[in-house]
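Chain residues, written in single-letter form:
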Amino acid sequence: MILLVIRWILTLIIVFIEGKLINKIRMPAILGWLIVGMLLGPHAAGLMSQSIMDLGWYKIIITWMQCAFGLMLGTEFVWKKLRQYGKGLVVTTLTQSQGTFFLVSLIFGIVFAASGVPVYLALVFGGIALATAPAPAISIVNEFHAKGPVTDTLLPMAVMDDIVAIAVFFTVNSFIARMVSGGSIPLYMIPVMIFLPIIIGIVTGLPAGVLLKKVNGKGKTLCVLLGGITLTVVIGYIFNTRIFTNITLNYMLMGVSYSAVFSNMVSEERLNEIIQWFNPILGISLVAAIVDLGAPLDYHLILGAGLYTFIYIGSRAGGKYFGARLGAKAAKMPETVQKYLGLTLLPHSGVSLVFTGIICSVLSASEPELAMIVKGTIAAAAVINEIIAVIVAKKGFELAGEINRSEHHP
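Calculation criteria
Residues numbered from 1 in each chain as written. Predicted model: local features only at pLDDT ≥ 70, side-chain atom pairs only at ≥ 80, totals over all residues. Heavy atoms only, no water. Helix = DSSP H or I, 4+ residues; strand = E, 2+ residues; numbered from the N terminus. Buried < 20%, exposed > 50% of the residue type's maximum accessible area, 1.4 Å probe, protein only. Contact = heavy atoms within 4.5 Å. Areas by Shrake-Rupley, 256 points an atom, 1.4 Å probe, with all protein chains shown as cover. pLDDT = per-residue confidence, 0-100. Polar contact = N/O pair within 3.5 Å; in protein donor to acceptor, adjacent residues only side chain to side chain. Axes fitted to C-alpha atoms, helices over the stretch in contact; angles between N-to-C directions. Parallel < 35°, antiparallel > 145°, perpendicular 65-115°, else oblique. Left-handed = near helix turned anticlockwise from the far one by under 90°. Nonpolar A, V, L, I, M, F, W, Y, C, P; charged D, E, K, R; others polar. 1 Å grid on protein atoms, 1.4 Å probe; cavity = no way out; pocket = protein on both sides within 12 Å on 5 of 7 lines; lining within 4 Å. Points joined across faces, edges and corners; volume = space filled by probe spheres on them. Expected span 1.5 Å × (residues − 1). Salt bridge = Lys/Arg side-chain N within 4 Å of Asp/Glu carboxyl O. Core = buried A, V, L, I, M, F, W, Y, C linked by side-chain atoms within 4.5 Å. Phe/Tyr/Trp six-rings, centres within 6.5 Å; stacked < 30°, edge-to-face > 60°.

**Some details on the overall build of the protein chain**
1) Next: A tally of helices and strands in the protein chain yields 17 helices and zero strands.
2) Next: Every one of the 410 residues in the protein chain was classed for burial, and the buried ones make up 56%.
3) Next: The long-range fraction of contacts in the protein chain, counting pairs at least 24 apart against all pairs at least 6 apart in sequence, stands at 82%.
4) Next: For the protein chain, the exposed surface amounts to about 16,900 Å²; the carbon and sulfur share of it is 70%.

**Observations regarding the confidence of the model for the protein chain**
Regions with low pLDDT carry predicted coordinates that are not meant to be interpreted in detail.
1) Next: The predicted model of the protein chain averages 82 in pLDDT, with 89% of residues at 70 or higher.
2) Next: Across residues 405-410, where pLDDT falls below 50, the model places twelve contacts with residues more than four positions away in sequence or in other chains.

**Some details on the side chain of asparagine 240**
1) Next: The topology assignment puts asparagine 240 in helix α10 (residues 218-243).
2) Next: For asparagine 240, a relative accessible area of 12% puts it in the buried group.
3) Next: A distance of 3.1 Å separates the side chain of asparagine 240 from the side chain of tyrosine 251, its partner in a polar contact.

**With respect to unusual backbone geometry**
1) Next: In this structure, histidine 145 is a non-glycine residue whose phi angle is positive, near 55°.
2) Next: Inspection of the secondary structure puts histidine 145 in the loop between α7 (134-144) and α8 (149-179).
3) Next: In the Ramachandran plot, lysine 332 falls in the positive-phi region, its phi being about 55° despite a non-glycine side chain.
4) Next: Following the sequence through the fold, lysine 332 ends up in the loop between α14 (307-330) and α15 (335-340).

**Some thoughts on the packing of helix α6 (residues 121-129) against α14**
1) Next: Where α6 meets α14, the closest approach of the two axes is 11 Å, and the angle between their N-to-C directions is 55°. Judged by the inter-axis angle, α6 sits oblique to α14. Viewed along their axes, α6 and α14 form a crossing whose handedness is right-handed. Here Phe125, Ile128 and Ala129 of α6 come into contact with α14, specifically with Tyr312, Arg316 and Lys320.
2) Next: Class assignment of the residues belonging to the contact of α6 with α14 gives a composition of four nonpolar, no polar and two charged.

**Quick notes on empty space enclosed by the protein**
1) Next: Across all of its chains, the model carries one cavity of 30 Å³ or more by this definition.
2) Next: Taken as a whole, the largest cavity encloses approximately 40 Å³ of empty space.
3) Next: Lining the largest cavity we find Leu34, Ile35, Met38, Leu297, Val383, Glu386 and Ile387.
4) Next: Tallied by class, the residues present in the lining of the largest cavity amount to six nonpolar, no polar and one charged.

**Points about α14**
1) Next: Counted at 1.5 Å a residue, the expected span for α14 with its 24 residues is 34 Å, and the 34 Å between its end C-alpha atoms agrees.
2) Next: Note on α14: the residue one or two positions beyond its end, lysine 332, has a positive phi of about 55°.

**Thoughts on the side chain of threonine 344**
1) Next: By the secondary structure assignment, threonine 344 is in the loop between α15 and α16 (349-363).
2) Next: The exposure class assigned to threonine 344 is buried, which follows from its relative accessible area of 0%.
3) Next: Every residue in contact with threonine 344, bar those within four places of it in the chain, is listed here: Val150, Leu154, Ala393, Gly396 and Phe397.

**Notes on the pattern of salt bridges**
Side-chain pairs of opposite charge can arise where the charged atoms are in close proximity.
1) Next: What the rule picks out here adds up to six salt bridges.
2) Next: Across the pair glutamate 273 and arginine 270 runs a salt bridge, and its minimum N-O distance is 2.7 Å. Placement of the pair is glutamate 273 and arginine 270 together in helix α12 (residues 268-294), with a separation of three residues, close to one helical turn.
3) Next: Judged by its relative accessible area of 11%, arginine 270 falls in the buried class.
4) Next: The salt bridge partner of glutamate 398 is lysine 395, with a shortest N-O separation of 3.7 Å. Of this pair, glutamate 398 and lysine 395 both sit in helix α17 (residues 368-399), separated by three residues, roughly a single helical turn.

**Quick notes on the nonpolar core**
1) Next: Counting 92 residues, the largest nonpolar core has Leu225, Ile229 and Phe262 as its most contacted members.
2) Next: The dominant element in this core, judged by the number of residues it contributes, is α12, at 13 residues.
3) Next: When neighbours within four sequence positions are excluded, phenylalanine 262 is seen to be in contact with Leu71, Gly205, Ala208, Gly209, Leu212, Leu225, Leu271 and Ile274.

**Some details on the packing of aromatic side chains**
1) Next: With the rule as written, the count across this model stands at 13 aromatic pairs.
2) Next: Look at phenylalanine 112 and phenylalanine 125: their rings are 5.8 Å apart centre to centre, the planes differ by 50°, and that puts the pair in the tilted class. Of this pair, phenylalanine 112 sits in helix α5 (residues 79-115) while phenylalanine 125 is found in helix α6, placing the two residues 13 residues apart along the sequence. The pair formed by phenylalanine 112 and phenylalanine 125 is uniform in burial state, with each residue classed as buried.
3) Next: With 5.1 Å between their ring centres and 85° between their planes, tyrosine 321 and phenylalanine 322 make a pair best called edge-to-face.

**So, the environment of lysine 213**
1) Next: Its location among the elements puts lysine 213 in helix α9 (residues 189-214).
2) Next: We classify lysine 213 as exposed; its relative accessible area is 55%.
3) Next: Between the C-alpha atom of lysine 213 and that of valine 266, which follows or precedes it by 53 residues, the distance is 6.0 Å.
4) Next: Setting aside its immediate chain neighbours within four residues, lysine 213 contacts Met265 and Val266.

**So, α6**
1) Next: Burial runs high along α6: eight of the nine residues are buried.
2) Next: Buried residues of α6: Leu121, Ala122, Val124, Phe125, Gly126, Gly127, Ile128 and Ala129, and no others.

Printed below as a string of structure tokens:
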């Protein structure tokens, strides 16, 4: 056990150092975290082995950190900030998410019809393609201190995007389960998956907000923040392990809701102070979360990627970019948002792999060959897309003028 802990800590240290090195060539550290995490993972060097990721304490720590980095998103849900882009956020979220679903489903429907694969499988790829992985974008914003309309739109949109993705994906999942006569998540559970994490966050965020208005000093503030995160995770864990057996509530969404509540209860100056003090913990949480994302990826899949993988990457990128551009233009959002928001929405792999595991468990019972198509395509796309997406996302912030190119980032 002690040896496994040492290996995990050593992995994080190596990944952190590599992130600093890749930052020297003006690339985001997260790219180094992903690549080195993959190379140290179970499919390569094995320092970050599968046995570590299967340990109960490791899963609990990662869960806690998922809730913790939800705070960066939640602190953007300040009502005064959202009023400026409120309508645009909703419109653009719907156009880019639903646009991605329809474009990916349509293209795969045509390809599958021509190749003899059941056309309904196209809906699976459309459903998986919706979600945006928020951690890479958060990392880039945090590292390069991105600031501007694109950043202000992206951070809350990442949360709204995942809410839409949950609703669409699990609706598709239920439909596919009925098509292949397997098990199914009841449709009435979809609202539960969306709103229960939000309710949990509200329940823990309200007392945290009261306390944060009263306490002073860095130590007491962090105790309130960390205690609230821990309580949020404990409540979520009870629901996920004791009450529900066929669904998993989103811990990041709990963290977002928790922090959104107290962010609207304290003054702007106090919130900035809280964020500043919490940033080191956020940084550690991001490194650990990205390593957890990269380690399971198999670099061999890059060599074995087939036509479906590149169709998936291309159609998803098209749906995100043009859907965001159409929605932002319709909502008359700033020109930089219209042009470059879609580029920052490409990171995907963490959410895609979770959705893939869920749908493959449904397909495996009666349609194992279809499960293999989905698993092979998405797994290869996760490796290729994530490396490209991080570079493109950073470029999107640069083109929008929200990263100071001349600023030195050690």
